[in-house]
Amino acid sequence: MNQAADSTGSTSQPTPPRGHVVVGFDGSPGADRAVDLAADEALRRHTTLEVLHALEWVELGHADDHFGQQLRDEARTIVDRGAERARLRHPELSISTTIEFANAIDALEAASDRAALLVVGSRGLGGFAGLLLGSVSLPVSAATRCPLLVVHPDHDTSGEGDAKPVVVGVSDDECTPALEAAFAWAQSQGLPLRALHVWRYPAMMAGSAGYAPAMYDWREAARTTLTAALAPLREKYPDVTVVEDIALDTPAHALVSASPHATVVVLAAHRKSGRFGPNLGRVTHAVLHHAEAPVLLVPITG
């Protein structure tokens with residue numbers, strides 16, 4: 001099933017059911033990897049995969065708008081190539097295509113309202129080669145309203161090799177939506193789950209660590225926090241093997257260090273409102289830039 005949106009938003013066929021998987025595709029290597037994982041997830045969820053391409057072009061209304069027609073034809077070629085890649089990976093998958101005449105960031109943000117999962121490559125076409133996170137993926141990460149999977153261009157999507165655990169960062173019980181997503185991901189793929197909680201001595205005790213445990217067992221407190229946060233999900237997903245891991249470290253360093261040994265790193269996306277709109281916290285920003293595994297961001301509302 002193919003679908004193409006025109007400048008008015010109408011489609012040639014019915015839109016996919018709400019709650020499907022949407023992947024942003026611009027033809028870049030990172031977008032290829034994103035399509036692979038998006039197709040895998042759509043198949044696991046028994047839902048449609050929508051391949052979305054954004055074309056920032058204003059219709060001039062001229063009958064002889066040859067340049068505009070060329071851009072539209074190129075957009076159709078790009079989005080069809082993404083759909084074909086997904087179809088070759090999973091021939092039985094229901095696939096639709098959409099071309100939005102809009103800025104890519106706006107198109108992807110809008111798509112997050114109709115998707116259960118949005119997937120993007122970390123860096124698309126036209127960026128600086130040294131950047132790990134692109135000019136589209138970074139603002140999209142701060143604005144989407146559904147879970148977002150960010151895939152790096154060099155990620156191996158062949159499916160070969162040993163199965164790695166799902167790694168989820170846990171701060172406290174406010175991370176429940178991220179924990180829910182991590183447990184569901186682990187269960188759907190038959191993978192173990194590594195729950196990572198990081199703790200630090202209070203700043204006032206810096207230089208007096210030997211005295212701190214006598215007053216309060218910070219390590220045990222961290223373990224108690226992690227165990228309490230996991231308890232409801234352990235009960236809900238009894239078949240998932242869980243490893244509880246606490247570390248004396250910074251959250252960003254611990255998660256990035258864990259990423260080479262992870263299938264996916266799951267984080268709660270606590271967004272902050274800044275002068276120029278919503279933005280990511282420092283930990284999320286660092287993990288997106290440096291993690292070697294795909295990163296699943298789960299928005300926390302309220």
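Keep in mind that what you see is a predicted model, and the values were worked out from it rather than measured. Every chain begins its residue count from 1, and numbering advances along the sequence as written. Local features in this predicted model are restricted to residues of pLDDT 70 or higher, and side-chain atom pairs are both shown and tallied only at a pLDDT of 80 or more, whereas totals for entire chains, interfaces and linings draw on every residue. Values reported for side chains reflect all heavy atoms of the structure, with hydrogen atoms and water molecules removed beforehand.

Draft legend 1. Local environment of the side chain of His20. Checked against the element boundaries, His20 lands in strand E1 (residues 20–24). Looking at His20, the relative accessible area reads 0%, which means it is buried. By definition, residues are in contact when any of their heavy atoms lie within 4.5 Å. In this structure His20 touches Thr47, Thr48, Glu50, Arg114, Ala115, Ala116 and Leu117, once residues within four positions along its chain are discounted. Think of it this way: any DSSP run of H or I at least four residues long counts as a helix, any run of E at least two long counts as a strand, and we number them from the N terminus. Relative accessibility thresholds used throughout: buried, under 20% of the residue-type maximum; exposed, over 50%; partly exposed, between the two (1.4 Å probe, protein chains only).

Draft legend 2. Inspection of the environment of Thr250 at higher detail. If you trace the backbone, Thr250 turns up in the loop between strand E8 (242–248) and helix H8 (251–258). Under the relative-accessibility criterion, Thr250 is labelled partly exposed at 33%. Distance in space between the C-alpha atoms of Thr250 and His197 is 9.8 Å, their sequence separation being 53 residues. Ignoring sequence-local partners within four residues, the contact set of Thr250 consists of Val198 and Arg200.

Draft legend 3. Representation of the packing of helix H5 (residues 176–189) against helix H7 (residues 218–236). Each axis is a line fitted through C-alpha atoms, and for a helix only the stretch in contact is used; angles between axes span 0 to 180 degrees, taken between their N-to-C directions. It is at 10 Å that the axes of H5 and H7 come closest, and there the two elements cross at 35°. Note that H5 runs across H7; the crossing there is right-handed. Note on element contacts: H7 touches H5 through Ala229, Leu230, Leu233, Arg234 and Lys236, opposite Thr176, Leu179, Glu180 and Phe183. Each crossing is labelled by how the near helix is turned from the far one, with a counterclockwise turn of less than a right angle marking it left-handed and a clockwise turn marking it right-handed.

Draft legend 4. Broad picture of the pairing of strand E2 (residues 49–54). Across the six residues that make up E2, a large majority, five, are buried. At least two DSSP bridges between two strands are required for those strands to pair. In terms of strand pairing, E1 meets E2 through four bridges, oriented parallel. The residue of E2 that forms the bridge with Val21 is Leu49. Convention used here: a crossover is right-handed provided that the path from the first strand, over the helix, to the second strand proceeds clockwise when the strands point away from the viewer. Handedness of the crossover joining E1 and E2 through helix H1 (residues 29–45): right-handed. In this structure, E2 lies alongside strand E3 (residues 95–100), joined through six bridges in parallel fashion. Pairing of Leu52 across the sheet is with Thr98, part of E3.

Draft legend 5. Spotlight on the environment of Leu196. Within the secondary structure, Leu196 sits in strand E7 (residues 193–199). The buried category is assigned to Leu196, whose relative accessible area is 3%. Between the C-alpha atoms of Leu196 and Ile246, which are 50 residues apart in sequence, the distance is 5.8 Å. Other than its neighbours up to four places away in sequence, Leu196 contacts Val168, Gly169, Val170, Asp245, Ala247, Ala254, Leu255 and Ala258.

Draft legend 6. Highlighting the pattern of salt bridges. By salt bridge we mean one thing: a side-chain nitrogen of Lys or Arg within 4 Å of a carboxyl oxygen of Asp or Glu. Here the structure, examined in full by the defined rule, presents 15 salt bridges. As a salt-bridge pair, Asp40 and Arg89 come within 2.8 Å of each other at their nearest N and O atoms. Of this pair, Asp40 sits in helix H1 while Arg89 sits in helix H2 (residues 66–89); the two residues are 49 residues apart in sequence, bridging distant segments of the chain. Asp40 gets classed as buried once you look at its relative accessible area, which sits at 13%. Note that Glu50 and Arg114 form a salt bridge whose closest N and O atoms lie 2.8 Å from each other. Here Glu50, found in strand E2, pairs with Arg114, found in the loop between helix H3 (104–111) and strand E4 (115–121); they are 64 residues apart in sequence, far enough to count as distant. Classification of Arg114 by relative accessible area gives partly exposed; the value is 23%.

Draft legend 7. Up close: the packing of H8 against helix H9 (residues 282–290). The geometry of H8 relative to H9 is characterised by a closest axis approach of 9 Å and an angle of 25° between their N-to-C directions. Comparing the axis directions of H8 and H9 gives the class roughly parallel. Pair H8 / H9 crosses with right-handed handedness. Within the contact between the two elements, H8 uses Pro251, Ala252, Leu255 and Val256 and H9 uses Val283, Ala286, Val287 and His290. Broken down by class, the residue content of the contact of H8 with H9 amounts to seven nonpolar, one polar and no charged. Convention used here: angles under 35 degrees read as roughly parallel, angles over 145 as roughly antiparallel, angles from 65 to 115 as roughly perpendicular, and any remaining angle as oblique. In this classification, the charged set is Asp, Glu, Lys and Arg, the nonpolar set is Ala, Val, Leu, Ile, Met, Phe, Trp, Tyr, Cys and Pro, and all remaining amino acids, among them Gly, are polar.

Draft legend 8. Local environment of the nonpolar core. With 56 residues, the main nonpolar core has Leu49, Val119, Leu149, Val166, Leu193, Val266 and Leu296 as its most contacted residues. Other than its neighbours up to four places away in sequence, Val266 contacts Val166, Val167, Val168, Gly169, Ala178, Ala182, Leu296 and Val298. Take the buried Ala, Val, Leu, Ile, Met, Phe, Trp, Tyr and Cys residues and link them wherever side-chain atoms come within 4.5 Å; each set so joined is a nonpolar core. Of all hydrophobic cores here, the second largest spans 30 residues; its members include Leu108, Leu118, Val120 and Ala293.

Draft legend 9. Local environment of the pairing of strand E6 (residues 166–169). Covered by surrounding structure in E6 are Val166 and Val168 together with Val167 and Gly169, the residues of both alternating faces. The pairing of E6 with E7 spans four bridges and is classified as parallel. The residue bridging Val167 from the neighbouring strand is Arg194, located in E7. Pairing of E6 with strand E9 (residues 264–269), which is carried by three bridges, proceeds in the parallel orientation. Paired with Val166 across the strands is Val264, a residue of E9.

Limitation: the analysis is restricted to geometry and does not speak to function.
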